[in-house]
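# Structure at a glance
Listed here are the chains, written in short residue letters.
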Amino acid sequence: MEREKIISIVNDFLVNEFEVDGDEISNGANLKTTLGLDSLDYIDMVVVIESNFGVKLGEADFKKMITFDDFYTTIENKITEKNK
């Protein structure tokens, strides 16, 4: 899957399902600060990512993600690993 498609899908579900202001989403923006999600929201996000991309993100994955770019890259890498 192309990175642009991943970004589009992620941004769409963040805006529509997690009510994030789309104007606040940028590659360098801080993921946790911008999203303001609690632990239950992260569980919901894992489910949405799995249903959209067929990959699972764990707690260790989220700990490594600082920016939205990190988030997109992590999903992209998981998809690549899955498709090998």
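Only a predicted model underlies this, so the values are computations on that prediction, with no experimental measurement involved.

## As for the packing of aromatic side chains
This model, assessed by the stated rule, comprises 5 aromatic pairs. Plain terms: the ring middles of Phe-68 and Tyr-72 are 6.4 Å apart, the flat faces sit at 40° to each other, and that makes the pair tilted. In this pair, Phe-68 and Tyr-72 are both assigned in helix α5 (residues 68-82), 4 residues apart and thus about one turn of the helix distant. For the pair formed by Phe-68 and Tyr-72, the shared burial category is buried. Within the aromatic cluster, the residues linked to one another by ring pairs are Tyr-42, Phe-62, Phe-68, Phe-71 and Tyr-72.

## Here's the deal with the pattern of salt bridges
Within this structure, the stated rule accounts for 4 salt bridges. Of the charged contacts in the structure, one is a salt bridge between Arg-3 and Glu-76, with a shortest N-O distance of 2.7 Å. Separated by 73 residues along the polypeptide, Arg-3 in helix α1 (residues 3-17) and Glu-76 in helix α5 bring together distant segments of the chain. Assessed through its relative accessible area of 22%, Glu-76 is described here as partly exposed. When salt bridges with common partners are traced through the structure, they connect Arg-3, Asp-69 and Glu-76 into a single cluster.

Conventions adopted
- Residues numbered from 1 in each chain as written.
- Predicted model: local features only at pLDDT ≥ 70, side-chain atom pairs only at ≥ 80, totals over all residues.
- Heavy atoms only, no water.
- Phe/Tyr/Trp six-rings, centres within 6.5 Å; stacked < 30°, edge-to-face > 60°.
- Helix = DSSP H or I, 4+ residues; strand = E, 2+ residues; numbered from the N terminus.
- Buried < 20%, exposed > 50% of the residue type's maximum accessible area, 1.4 Å probe, protein only.
- Salt bridge = Lys/Arg side-chain N within 4 Å of Asp/Glu carboxyl O.

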